[in-house]
Amino acid sequence: MYLLDFLGLWNRICKKSLPYFLARFTVMYNEQMASKKQELFSNLQEFAGPSGKLSLLELGCGTGPNFKFYPPGCRVTCIDPNPNFEKFLIKSIAENRHLQFERFLVAAGEDLHQVADDSMDVVVCTLVLCSVKNQERILQEVCRVRRPVSAGREEGETTFTAC
């Protein structure tokens, strides 16, 4: 991505064509990874806040390939630096009516100023950290927007709570 940006190709060509490519690629990828994603996302509802509703922020949402793995009633906010993903997200939202779509924000993960402190129960970031400018800054932002979680998880359960 950075090389394409440096060469001046990212905004003109790739940023517009990437959503079309990913719409096809993620179908194949999800077929291969379905059981692993089901396992990884199976306990998301346990992180719901006091209201019982799960607020989820997905960084680098792309075309929305993770939506089908989220629990019913989950309130999803999507962030992606590429505005061209929005029309693909609308299609994915229509196919995943078990979710409550909150909003789509065009932003980089390093700057989540549009998301309030401690407002999200879960932050999902798949296939994103390898293509960002500042991983440390993204993780700082994740810790800022994610609601504090109390300890007391069972030994051996998979959680990704580094904040």
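Up top you'll find the structure we're talking about.
Basis of the calculations
- Residues numbered from 1 in each chain as written.
- Predicted model: local features only at pLDDT ≥ 70, side-chain atom pairs only at ≥ 80, totals over all residues.
- Heavy atoms only, no water.
- Buried < 20%, exposed > 50% of the residue type's maximum accessible area, 1.4 Å probe, protein only.
- Helix = DSSP H or I, 4+ residues; strand = E, 2+ residues; numbered from the N terminus.
- Arc of directions from axis to C-beta.
- Contact = heavy atoms within 4.5 Å.
- Polar contact = N/O pair within 3.5 Å; in protein donor to acceptor, adjacent residues only side chain to side chain.
- Phe/Tyr/Trp six-rings, centres within 6.5 Å; stacked < 30°, edge-to-face > 60°.

Undergrad: What is the right way to look at helix 3 (residues 86-95) in this model?
TA: In an α-helix, one full turn covers 3.6 residues, which means residues spaced three or four apart are oriented alike. Those residues of helix 3 that sit buried are Phe88, Leu89 and Ser92. Across the axial projection of helix 3, the buried residues extend over an arc of 100°, all falling on one side. Residues of helix 3 that are exposed and point more than 90 degrees away from the buried face comprise Lys87, Ile90 and Lys91.

Undergrad: What exactly am I supposed to notice about helix 4 (residues 135-145) here?
TA: Looking only at helix 4, the buried set comprises Ile138, Glu141, Val142 and Val145. What you see down the axis of helix 4 is that its buried residues fit within an arc of 105°, all on one side. Against strand 1 (55-59) and strand 4 (122-124) lie the buried residues of helix 4. The N-capping residue of helix 4, defined by a side-chain oxygen 3.3 Å from the backbone nitrogen of glutamate 136, is asparagine 134.

Undergrad: Any chance you could explain the packing of aromatic side chains here in plain terms?
TA: The geometry of an aromatic ring pair is captured by two quantities: the separation of the ring centres and the angle between the planes. As enumerated under the stated definition, the model contains three aromatic pairs in all. With a centroid separation of 6.4 Å and an interplanar angle of 45°, the aromatic rings of phenylalanine 41 and phenylalanine 69 are classed as tilted. Here phenylalanine 41 is found in helix 2 (residues 10-41), whereas its partner phenylalanine 69 is found in the loop between strand 1 and strand 2 (75-80), with 28 residues between them in sequence. On the basis of an interplanar angle of 45° and a centroid distance of 6.2 Å, the ring pair of phenylalanine 67 and tyrosine 70 is categorised as tilted. Classification of phenylalanine 67 as buried rests on a relative accessible area of 1%. The buried category is assigned to tyrosine 70, whose relative accessible area is 2%. An aromatic cluster is built from Phe41, Phe67, Phe69 and Tyr70, whose rings are joined through pairwise contacts.

Just distances and angles here, no functional claims.
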